[in-house]
Amino acid sequence: MNIKNNLILALDVGSESEAIDICEKVKESIDTIKIGYPLALAEGLEIIKKLKDKFGFKVICDFKVADIDATNEKICEETFKAGADAIICHGFVGPDSVQACLDVANKYEKELFLLTEMSHPGAKKFLQPAADEIAKMGIKMGITNYVAPATRLDRLQDIRNIVGEDAYIISPGVGKQGGDGKKTLEISNAIIVGRSIYEAENPKEACENLLK
Ligand code: 3DU
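The name given to the protein chain in an unreviewed UniProt entry is Orotidine 5'-phosphate decarboxylase, with Methanobrevibacter millerae as the source organism. Listed under Pathway (unreviewed entry) in UniProt, the entry text for the protein chain is "Pyrimidine metabolism; UMP biosynthesis via de novo pathway; UMP from orotate: step 2/2."

Engineer: Would you mind going over helix H4 (residues 69–81) with me for this structure?
Structural biologist: Three- or four-residue spacings in an α-helix give side chains the same orientation, since the helix completes a turn every 3.6 residues. If you check H4, its first and last C-alpha atoms are 18 Å apart, about what 13 residues at 1.5 Å a residue would give, namely 18 Å. Among the residues making up H4, those that are buried are Asn72, Cys76, Glu77, Thr79 and Phe80. In the core, the buried residues of H4 are packed alongside helix H3 (46–55), strand S3 (58–65), strand S4 (86–90), helix H5 (95–107) and strand S5 (111–115).

Engineer: Honestly, the sheet that holds strand S2 (residues 32–36) in this entry has me stumped. Any pointers?
Structural biologist: As a general point, the strands of a sheet are linked pairwise by backbone hydrogen bonds and lie either parallel or antiparallel. Strand order in the closed barrel made by the eight strands is S1-S2-S3-S4-S5-S6-S7-S8, with parallel pairing throughout. Neighbour to neighbour, the strand axes of the sheet diverge by 25 degrees on average, direction disregarded. Relative to strand S6 (residues 145–147), S5 is paired through three bridges, and the arrangement is parallel. For Phe113, the partnering residue across the bridge sits in S6 and is Asn145. Here H5 sits on the sheet in contact with S3, S4 and S5, set at roughly 160 degrees to S5.

Rules used in this analysis
Residues numbered from 1 in each chain as written. Predicted model: local features only at pLDDT ≥ 70, side-chain atom pairs only at ≥ 80, totals over all residues. Heavy atoms only, no water. UniProt positions renumbered as here; feature names shortened; annotations may be inferred. Helix = DSSP H or I, 4+ residues; strand = E, 2+ residues; numbered from the N terminus. Expected span 1.5 Å × (residues − 1). Buried < 20%, exposed > 50% of the residue type's maximum accessible area, 1.4 Å probe, protein only. Contact = heavy atoms within 4.5 Å. Pairing = 2+ DSSP bridges. Axes fitted to C-alpha atoms, helices over the stretch in contact; angles between N-to-C directions.

Below, the structure is given as structure tokens:
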């Protein structure tokens, strides 16, 4: 995926009007947004097409898909039908569940991101011990896109070492969660930033400062 300024906006706001307001303010710096449950549950999946049509953005749906294969397939179908360019799935559910997501992404000629280790402190308890194996599974399955944490650069590097330089890694955790954008981009291909932009008094300036 080609992401302008290697910066993805995590648009976790609660309404279409807030979403449009933020997008208007940052549209010069950003061409890719990540939509998760907050906005999708508030406004429905139609919000994907609305924002794509209005701003020409690429939309990554962060639905952290983590069910059995049959259900994952249905979730991915609905998401790509609604216009998503990519979907994020969890890896801890194992290869059959992930393969179902990959098959649907391939069918729509869209992209799948495999979530390895999350960025919050609680991820150390269950997910971190499994993350290297999740990344190895992804490589074995031919997955080229990964999500790995900006909050633990040593772990981000470990995951980079496993998936290799050709893999595309996007990293949440910059700003509010404590991660440093510049250092993260020495390892990752793009950073995901939410609250530091959309909660800022001046989101446009917040974006520009990040890019500096
Ligand atoms: O902390 P921020 O407000 O910059 O938002 C980070 C976004 O990335 C947010 O949508 C969150 O749900 C998502 N995310 C993580 O923060 C950590 C992960 O491991 C995966 C996704």
